[in-house]
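A structural walkthrough
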Amino acid sequence: MFLAKKNRINVFKILLYFGFAYFFWLMLRLTLEYIPAKPDISFLMIKQTEVMEHSAYLPIFYTHVYTSIFVLMTGFFAIIRKDFGLKNFHRSSGKMYIFLLVIFSAPSGIYMGWFANGGLFSKTSFLILGIFWWISTFLAFKYAREKKFSEHKKWMWRSFALTLSAITLRLWKLVIVYFFQPNPMDVYQIVAWLGWIPNILLVEFLIRKKLI
Amino acid sequence: MKNLKFILFAAVLVLLVNCKKEASVETSAKMDTAVAKVDSVVIPEIHQELYGIYTGNFSGTEKRFDEYSKEGYDEEIEKRLSLKINRITKDSVYGQSIVNGNQRPFRGVFNETENSFVLDEPGDDKTDGRFNVKIKSDSLTGKWVAYNKSRVKAPLKSLKLIKKEFVYNPNFMIDKDSDLIDWTNPKDFEEKYTDSETGKTEKYKTERNRVASDAVFKINASKQKLTEKDLKNLRKLDLEIIKNSVFARHGYSFKKETYRYFFEQTDWYIPVSNNVDADLSPMELENVALLNRFTKYAEDKYDYFGR
């Protein structure tokens, strides 16, 4: 009975790994659209106002794009807490995650949130998301330094749940467009919030239930 | 001394030849002007009052085949045709025909006693044919027969055209009571249907058509410089109509049925050319470039994983 349950959990975990691998692949492909870097490709096609008016926008945008893909990858390796026979694998990937996120990804994300599509409604969401993302990651770092690993683990999960909003936001968009075909910015305003709130609620629920 | 004589002789000879050359050039120049004069004198343009654009319906019957019943049937079709009469002389008429973005030159004759034209398209396109039309004050009516009857769906068409003055006006917009459904690009869509009595749910395939929003009545790309903010919340069809309104105002004859459908609902749209790129104002060009970028973004991103 106990074994069966453990097996089921393992199968579930493997499914999650494959799921993540698939969506990571999609995110990687989106990132590769920005190589070579150009001022007017992909998402930037509709961001030329910001590109023209704020000289900082383009370098900060590219900082976000290029670092975030590594944040997503190292975050995943850190959260599964396995060393795969490599010394300090969890620690190194975690360090990389925290460093890239706190110094580059989150600050650049907050800057971009200020110029987000969809007006005040989505700007508010992206700004809160960015700030929460930075704080949760910083706290995870702080508790690891203090060797309070139970707290470290909780904050890491919160941080990674927000990291995964990169994927969930785009998934929600797909679902909403498939069923309702709203205008592009109406979708954007919805997914700006839907991208991260269910994620953080789920993690909070799991923490309460002592599953994390 | 002998040498000197020879040189003198040679020089005179050269001079003479040169003179002759110049003389011949002069005479040929004279002849040129003479020919030109003769041309304009002998072939005067007549009936200049008939010059202009005649636009209206171009209708015929297409033979179709129904895949389901395996039977052939006739379908009435109607297109918009413009004939441009550019030059009429005693024995020749020059102009162009434009239908569905296909612009063809024609040459023909005008019969003064019957007030009728016989106009021939060149014949190197499968859609070329001969027009037989009569003119009565402002209306031009008659028929068109394809040269190669097996290569066109409707080899015999009748035309009913009215003379219209083509004027570019940046204020022209799609009519407010237009049908805004794009019937030409249906998308397959799966829908569920639950029978209220049996409670069974069935899936069935259906088609969904795109519908433009009322933004196409409000945003005019010929009058103001558009910003990204103006366009961000628009779907692809809106962007396409706003962009093509610019071309429609300049009399562009659309190859795509989608756009013809929207603009042929207006009374101002007169297709006069298959290329109006040179007529666009700098502001219109900028707006078209912006609209193209947004259309591309809508195509690449709207229903894909991404932003």
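Because the structure is predicted, anything quoted here is derived from the model rather than measured. (Residues numbered from 1 in each chain as written. Chains lettered and ligands numbered in written order. Predicted model: local features only at pLDDT ≥ 70, side-chain atom pairs only at ≥ 80, totals over all residues. Heavy atoms only, no water.)

Let us look at the overall build of chain A. Summing up its helical and strand segments, chain A has nine helices and zero strands in all. Taken from the N to the C terminus, the helices and strands of chain A come in the order α-α-α-α-α-α-α-α-α. Scaling as 2.2 N^0.38, a compact globule of 212 residues should have a C-alpha radius of gyration of about 17 Å, and chain A matches this with 18 Å. Along the first, second and third principal axes, the C-alpha atoms of chain A reach 60 × 40 × 30 Å. A total of 212 residues make up chain A; the buried ones form 43% of that total. Once local pairs closer than 6 in sequence are excluded, the contacts in chain A between residues at least 24 apart make up 66%. Taking the 25 positively charged and 9 negatively charged side chains of chain A as two groups, their mean positions are separated by 15 Å. (Helix = DSSP H or I, 4+ residues; strand = E, 2+ residues; numbered from the N terminus. Rg over C-alpha atoms; globule rule 2.2 N^0.38 Å. Buried < 20%, exposed > 50% of the residue type's maximum accessible area, 1.4 Å probe, protein only. Contact = heavy atoms within 4.5 Å. Lys, Arg positive; Asp, Glu negative; His and termini not counted. Charge placed at Lys NZ, Arg CZ, Asp CG, Glu CD.)

Once that is clear, we can look at the packing of aromatic side chains. Counted by the stated rule, this structure contains 43 aromatic pairs over all chains. Measuring from ring centre to ring centre gives 5.3 Å for Phe254(B) and Phe263(B), while their planes differ by 15°; the resulting arrangement is stacked. With relative accessibility at 2%, the residue Phe254(B) sits in the buried group. Of the aromatic side chains, those joined through ring pairs into one cluster are Tyr17(A), Phe20(A), Phe24(A), Phe76(A), Phe77(A), Phe84(A), Phe89(A), Tyr97(A) and Phe160(A). When the ring centre of Trp155(A) is taken as origin, the NZ or CZ atom of Arg158(A), which lies over that ring, is 4.2 Å away. (Phe/Tyr/Trp six-rings, centres within 6.5 Å; stacked < 30°, edge-to-face > 60°. Lys NZ or Arg CZ within 6 Å of the ring centre and 35° of its normal.)

Here we come to the nonpolar core. Counting residues in each nonpolar core, the largest one holds 87 residues, and the members touching the most others are Phe61(A) and Phe263(B). Considering every element that reaches this core, the biggest residue donor is helix H3 (residues 57-79) of chain A, with ten residues. Residue contacts for Phe61(A): discarding those within four places in its chain leaves Tyr34(A), Phe43(A), Leu44(A) and Met112(A). Counting residues in hydrophobic clusters, the runner-up holds 23 residues, among them Leu50(B), Phe58(B), Val152(B) and Leu161(B). (Core = buried A, V, L, I, M, F, W, Y, C linked by side-chain atoms within 4.5 Å.)

The grouping of Lys6(A), Lys13(A), Arg81(A) and Lys82(A) at the surface amounts to a positive patch. Position of Lys6(A) relative to the elements: it lies in helix H1 (residues 2-32). (Patch = residues over 30% accessible without salt bridge, like charges linked within 9 Å, V, L, I, M, F, W, Y side chains within 5 Å. Areas by Shrake-Rupley, 256 points an atom, 1.4 Å probe, with all protein chains shown as cover. Salt bridge = Lys/Arg side-chain N within 4 Å of Asp/Glu carboxyl O.)

Another point: the environment of Gly142(B). All names here are of chain B. Take Gly142: it is sitting in strand E7 (residues 139-146). For Gly142, a relative accessible area of 26% puts it in the partly exposed group. Gly142 sits 19 residues away from Leu161 along the chain, and the two C-alpha atoms are 9.0 Å apart. Each residue touching Gly142, except ones within four places of it in the same chain, is listed here: Asn132, Val133, Lys157, Ser158 and Leu159.

By volume, the largest pocket amounts to about 1000 Å³. As for the largest pocket, its lining consists of 29 residues, of which Phe12(A), Leu16(A), Trp157(A), Leu164(A) and Leu206(A) are closest to the centre. When residues of the lining of the largest pocket are traced back to their parent elements, those giving at least two are H1, H3, helix H6 (149-163), helix H7 (165-180) and helix H9 (197-208) of chain A. Broken down by element, the lining of the largest pocket gets its largest block of residues, nine residues, from H1(A). Partitioned by chemical class, the residues of the lining of the largest pocket number 22 nonpolar, three polar and four charged. Considered as a void within the structure, the second largest pocket measures approximately 760 Å³ in volume. Looking at the second largest pocket, it is lined by 26 residues, and the ones nearest its centre are Lys187(B), Arg210(B), Arg235(B), Tyr302(B) and Asp303(B). When contributions to the lining of the second largest pocket are tallied by element, the ones reaching two or more residues are H7 of chain A together with strand E9 (181-194), strand E10 (201-211), helix H4 (236-249), helix H5 (257-263) and helix H6 (282-301) of chain B. A total of five residues in the lining of the second largest pocket trace back to one element, the largest contributor, which is E9(B). For the lining of the second largest pocket, the residue count by class is twelve nonpolar, four polar and ten charged. (1 Å grid on protein atoms, 1.4 Å probe; cavity = no way out; pocket = protein on both sides within 12 Å on 5 of 7 lines; lining within 4 Å. Points joined across faces, edges and corners; volume = space filled by probe spheres on them. Nonpolar A, V, L, I, M, F, W, Y, C, P; charged D, E, K, R; others polar.)

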